[in-house]
Structure formats: structure tokens, C-alpha cells
Amino acid sequence: MPNLFFRVVAVMLVCAAESSGCARAVGEDDVGQIDQSKPLVLTTFTVLADMARNVAGEHVTVQSITKAGAEIHGYEPTPGDLRTAEQADLILDNGLGLEAWFEKFVERVPAPHAVVSENVEPVFIRGDAYAGKTNPHAWMSPVVAETYVDNIAEAFVRLDPNHEADYRANAENYKTRIRAVSAELKTDLDMLPPNQRALVSCEGAFSYLARDFDLQEMYLWPVNAEQEGTPKQVVAAIDFVKDNDVPAVFCESTVSDKAQLQVAEDTGARFGGKLFVDSLSEEGGPVPTYLDLLTYDARTITDALLRKPE
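Note that the structure is predicted; figures quoted are calculated from it, not measured.

1. What about the overall build of the protein chain?
The helix and strand tally for the protein chain stands at 11 helices and eight strands. In the protein chain, which comprises 310 residues, the proportion classed as buried is 54%. Residue pairs in contact within the protein chain that sit at least 24 positions apart in sequence constitute 66% of those at least 6 positions apart. A total of about 13,700 Å² of accessible surface is found on the protein chain, and carbon and sulfur atoms cover 50% of it.

Structure (C-alpha cells):
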């Protein structure tokens, strides 16, 4: 074990040195051109923006403060973000402790905000320094996502009651589509035999998905922060993968995969690929919408755990 420990330390030092690969992503100043004829709603990240657009229809302009590919937890708002927020009629945030930067941000802008995770039954983080705190990644459950959609619809009705019927109809239609994707996820994940239903990721972002689809979850760190992939965390993941004969491990798209590649190397597990959680891709990328994100992740997980060829 001492040799393994020092190898892990070496990998962590390399990661720390390569700031472009390990540092958080930061959004750009310009949040886009604003259509002054409609209410402007800002969301804290791209997943919420996509959900909100599906509810808004043609009546509201929706933009995300953070850009595709950004790391959300430690985002640093820019002066451009603040200038755009001063024009907003409403800001939607996830809550549950996701956006560490949001409380100070929203204090500086006049727009009201709504928390889209209101009434969600939380999953609590186990172990590590975050033990007992709420896991914020509730949208990764398509079941919980329906609550997000209802909360977004309610916020839009309060903002623009003249179009209440449209917002509620759009929300119901979107929830029907979410349920269809949820059924596809179950079909995909049900392909996994009991001894392969283990999801090992970098961040503990899949707790809600694991709860809903009966997956055993293991992660390197609970929430993206300054201390990611410590030697202790990496060794614990290595032990878990070996003890449970896990065939593949994964990492999220917005963080460095160096520590997880070390887990794969030391266990013989396959690196199953990048999963999307906090951010959608650009248009034309693999996950331009929230529904695409869910489908892509489920198929990536099942293909890797079932050892299907790439």
C-alpha cells in the first residue's frame, strides 16, 4: 500500500500543476443578445436553461449565466454577468448548496429568484468533509426533474400570469417527454446484472440516479471543490473497484479525469468515458439538451459496464 499511496500523490501533484486541466471553468462576460420584447429569465447553469426553455415556449427569453462546459460549484461571476443580471426579470437557481457563488451574486441584482429544487426530497452525502450535507445534483433523477419543471412553471406563472395556460401545458408536455426518457433509462440500466450495477465516478453526482435505478454508487469526491482526488480518496476507490470487481469507471466532463485514470490503471478496470452532469454541450455536441444528457449517460454507463466495444 505505501507504494500505491506515493504513486497517487504523484498523480495529484501533476494535476495541481496543470491548472488548465484541473481548474474550474469560468464563463465569458457576454451572456448573449437580449430580446427586450420578452421577460428575461436567467438560470445558473445550462441544464436549467434547457428545462426553462421547454416550459417558456415563445413567451420568455431564457439564458444561462454559465456557459456550456463550465464547472458550476465554484464559478466566478464576471462583470458582464452582473450587467446582464441587472436586466433580468427572474433568476432560477438549483439550490441545495450547488451554486456556492450565487448568494452573494443575487444580493447585487434587483431581480427576484426562484429555487427550482423546492420540495425535492434530498439525498445526503456520506463520508468525507461533506458528510451530512445535501447532495445538490437532484436533476440527475428524471423523477425529481418533474418537480423542477413544476417549480419552473410556477415561477413563470408568477412572472407572467397572462400566459399561465401555455406555461402549464408546456410543462405537462415536457414532463411526458421526461417520463419517456426515464423509461428508456430503465431499459438500458436493467441490462446490467446485479453484480455489475456499480457506478464509480469522479464526483458524487449520481446519488439521485443511483437511488432511482438501483445502482451502487462510489465516487472519488462528493462535491467539486479545491481538494479533488486526494490520495485517500483515490486509494478508497481503488479498493472498492478491486473488492467488487467493477469493470469500468467514469469521470464527469467538467473536471480532470487524471485521478480516475489512476484508479483504472491500478485496478485493471476500463475507463468508461466522460459523463455529463453540471453542463450541457454546445449545439452539435453529444448532449445539447437535458434529455440528451440523461440518455447519453445511461448508454455510456451500460456499454462500459457490459464491456461493449467502443
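2. Observations concerning the packing of aromatic side chains
For the coordinates displayed, the defined rule picks out seven aromatic pairs. Between phenylalanine 45 and tryptophan 139, the ring centres sit 4.9 Å apart and the planes meet at 55°, which makes this aromatic pair tilted. Here phenylalanine 45, found in the loop between strand 1 (40-43) and helix 3 (46-56), pairs with tryptophan 139, found in the loop between strand 4 (113-115) and helix 6 (142-159); they are 94 residues apart in sequence, far enough to count as distant. Both residues of the pair, phenylalanine 45 and tryptophan 139, count as buried. Judged by centre distance (6.3 Å) and plane angle (35°), the ring pair of phenylalanine 102 and phenylalanine 105 falls under tilted. In this pair, phenylalanine 102 and phenylalanine 105 are both assigned in helix 5 (residues 102-107), three residues apart and thus about one turn of the helix distant.

3. So, the packing of helix 7 (residues 164-189) against helix 11 (residues 290-305)
Direction vectors running N to C along helix 7 and helix 11 enclose 5°, while the axes themselves pass 9 Å from each other. Taken together, helix 7 and helix 11 sit at an angle that is classed as roughly parallel. Of the residues in helix 11, those touching helix 7 at Tyr174, Arg177, Ile178, Val181, Glu184, Leu185, Asp188 and Leu189 are Tyr290, Leu291, Leu294, Thr295, Ala298, Arg299, Ile301 and Thr302.

4. Observations concerning the sheet that holds strand 4
Hydrogen bonds along the backbone pair up the strands of a sheet, which may run parallel or antiparallel. Pairing in this open sheet of four strands is parallel, and the strands run 2-1-3-4 from one edge to the other. Here the strands that pair on one side only, and so sit at the sheet edges, are strand 2 (61-64) and strand 4. Strand-to-strand twist across the sheet, computed as the mean angle between neighbouring axes with direction ignored, equals 25°. Strand direction decides the pairing type here: strand 1 and strand 3 (residues 90-93), joined by three bridges, are parallel. Bridging from a neighbouring strand, threonine 43 pairs with leucine 92 of strand 3. On the sheet, helix 3 packs against strand 1, strand 2 and strand 3 and is oriented at approximately 170° with respect to strand 2. Against the sheet, helix 6 contacts strand 1, strand 2, strand 3 and strand 4, and its axis sits at roughly 170° relative to strand 3.

5. Let's talk about the state of the cysteines
Where two cysteines share a covalent bond between their sulfur atoms, that bond is called a disulfide. Taken as a whole and judged by the stated rule, the model has one disulfide. Across the disulfide, cysteine 202 is cross-linked to cysteine 251 (sulfur-sulfur distance 2.0 Å). As the torsion about the S-S bond is roughly -115°, the cysteine 202-cysteine 251 disulfide counts as left-handed. Linking cysteine 202 in strand 5 (residues 198-203) with cysteine 251 in strand 7 (residues 248-252), this pair joins segments that are 49 residues apart in sequence. This pair shows no difference in class: cysteine 202 is buried, exactly as cysteine 251 is.

6. What about the nonpolar core?
Counting residues in hydrophobic clusters, the biggest one holds 77 residues, and the most contacted among them are Met51, Ile91, Leu92, Trp139, Tyr148, Phe156 and Tyr290. Examining the composition of this core, we find that nine residues originate from one element, helix 6, more than from any other. Leaving out residues up to four positions away in the same chain, tryptophan 139 has contacts with Phe45, Val47, Met51, Asn94, Leu98, Ala145, Tyr148, Val277, Asp278 and Tyr290. Counting 19 residues, the second largest nonpolar core, distinct from the first, contains Met218, Ala237, Ile238 and Ala264.

7. Focus: helix 6
Between the first and last C-alpha of helix 6 there are 26 Å, a value that for 18 residues agrees with the 26 Å anticipated at 1.5 Å per step. Regarding helix 6, the residues found buried are Pro142, Val144, Ala145, Glu146, Tyr148, Val149, Asn151, Ile152, Ala153, Ala155, Phe156 and Val157.

8. Considering the packing of helix 6 against helix 7
Orientation of helix 6 relative to helix 7, taken along the N-to-C sense of each, is 170°, at an axis distance of 9 Å. In terms of orientation, helix 6 lies roughly antiparallel with respect to helix 7. Along the contact surface, helix 6 presents Pro142, Ala145, Glu146, Val149, Asp150, Ala153, Glu154, Phe156 and Val157, while helix 7 presents Glu164, Tyr167, Arg168, Ala171, Glu172, Tyr174, Lys175, Ile178, Arg179, Ser182 and Leu185. For the contact of helix 6 with helix 7, the class distribution of residues is 11 nonpolar, one polar and eight charged.

9. Focus: the environment of glutamate 184
On the secondary structure map, glutamate 184 appears in helix 7. For glutamate 184, a relative accessible area of 38% puts it in the partly exposed group. In sequence terms glutamate 184 and threonine 295 are 111 residues apart; their C-alpha atoms lie 7.6 Å from each other. When neighbours within four sequence positions are excluded, glutamate 184 is seen to be in contact with Thr295 and Arg299.

10. Some thoughts on the pairing of strand 1
Residues Leu40 and Leu42 point to one face of strand 1 and Val41 and Thr43 to the other, with burial holding for every one of them. The sheet contact formed by strand 1 and strand 2 spans four bridges and is parallel. By the bridge assignment, leucine 42 is partnered in strand 2 with glutamine 63. Remark: the strand 1/helix 3/strand 2 crossover connection has right-handed handedness.

Definitions and limits used
- Residues numbered from 1 in each chain as written.
- Predicted model: local features only at pLDDT ≥ 70, side-chain atom pairs only at ≥ 80, totals over all residues.
- Heavy atoms only, no water.
- Helix = DSSP H or I, 4+ residues; strand = E, 2+ residues; numbered from the N terminus.
- Buried < 20%, exposed > 50% of the residue type's maximum accessible area, 1.4 Å probe, protein only.
- Contact = heavy atoms within 4.5 Å.
- Areas by Shrake-Rupley, 256 points an atom, 1.4 Å probe, with all protein chains shown as cover.
- Phe/Tyr/Trp six-rings, centres within 6.5 Å; stacked < 30°, edge-to-face > 60°.
- Axes fitted to C-alpha atoms, helices over the stretch in contact; angles between N-to-C directions.
- Parallel < 35°, antiparallel > 145°, perpendicular 65-115°, else oblique.
- Pairing = 2+ DSSP bridges.
- Disulfide = S-S within 2.5 Å.
- Core = buried A, V, L, I, M, F, W, Y, C linked by side-chain atoms within 4.5 Å.
- Expected span 1.5 Å × (residues − 1).
- Nonpolar A, V, L, I, M, F, W, Y, C, P; charged D, E, K, R; others polar.
- Right-handed = clockwise from strand over helix to strand, strands pointing away.

Coordinates in, geometry out; function isn't part of it.
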